[in-house]
Amino acid sequence: MIEKNKLRLIDANLNRLREGIRVVEDIFRYVYNDKETSSKLKTLRHLSRLESYTELLETRDIQNDVLRESIKSEQNRDNLFSILIANFKRAQESSRVLEEFCKLISIKDSENFKYIRYELYSLEIVLTKITSNSK
């Protein structure tokens, strides 16, 4: 059985991963009307799950999050490109944390998050070129 605080960390990073992917997905769905890219991102977002949802939810402790408040750099976005980059990084970093901590639970889940991370790296290269003119 994994400790409550480690489950809390996994829960937070699952949320960050899905949120980051969702922002990028919605940019390509609604701003660029790009069905293919949106669908790829949606697939990655749906892969960003663990079977222990209820157990993870029970560990969520928002009130006691020591870094709940935003810092200045999190509050500022200059354009669509900066939103895209911030959310790619958010998702990539979270998938790395999940890859590492899922090694405590399941190598299969860990490899899933590694796959997601590398897919995000590849998509970032292509998609930032598309949006770089929106700086």
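Definitions and cut-offs
Residues numbered from 1 in each chain as written. Predicted model: local features only at pLDDT ≥ 70, side-chain atom pairs only at ≥ 80, totals over all residues. Heavy atoms only, no water. Helix = DSSP H or I, 4+ residues; strand = E, 2+ residues; numbered from the N terminus. Salt bridge = Lys/Arg side-chain N within 4 Å of Asp/Glu carboxyl O. Phe/Tyr/Trp six-rings, centres within 6.5 Å; stacked < 30°, edge-to-face > 60°. Buried < 20%, exposed > 50% of the residue type's maximum accessible area, 1.4 Å probe, protein only.

(A) Here's a closer look at unusual backbone geometry. Although it is not a glycine, Asn33 sits at a positive phi angle of roughly 50°. Mapped onto the fold, Asn33 is located in the loop between α1 (4-31) and α2 (35-47).

(B) Looking closely at the pattern of salt bridges. Taken as a whole and assessed by the stated rule, the structure comprises 10 salt bridges. Between Glu19 and Arg90 there is a salt bridge, and its shortest N-O distance comes to 2.6 Å. With Glu19 in helix α1 and Arg90 in helix α5 (residues 80-101), the pair connects residues that are 71 residues apart, well separated along the chain. Among the ionic pairs, Glu100 bridges to Lys103, the shortest N-O distance being 3.2 Å. Where salt bridges share partners, they join Arg96, Glu99, Glu100, Lys103 and Arg117 into one cluster.

(C) Broad picture of the packing of aromatic side chains. Enumeration according to the criterion identifies 2 aromatic pairs in this entry. Between Phe28 and Tyr32 the ring centres are 5.2 Å apart and the planes differ by 25°, which places this aromatic pair in the stacked class. Note on Phe28: relative accessible area 0%, which makes it buried. Look at Tyr118 and Tyr121: their rings are 5.5 Å apart centre to centre, the planes differ by 90°, and that puts the pair in the edge-to-face class. Remark: Tyr121 and Tyr118 occur in helix α6 (residues 107-131); sequence separation between them is 3 residues, near one turn of the helix.

None of the figures reported here should be taken as evidence of function without further support.
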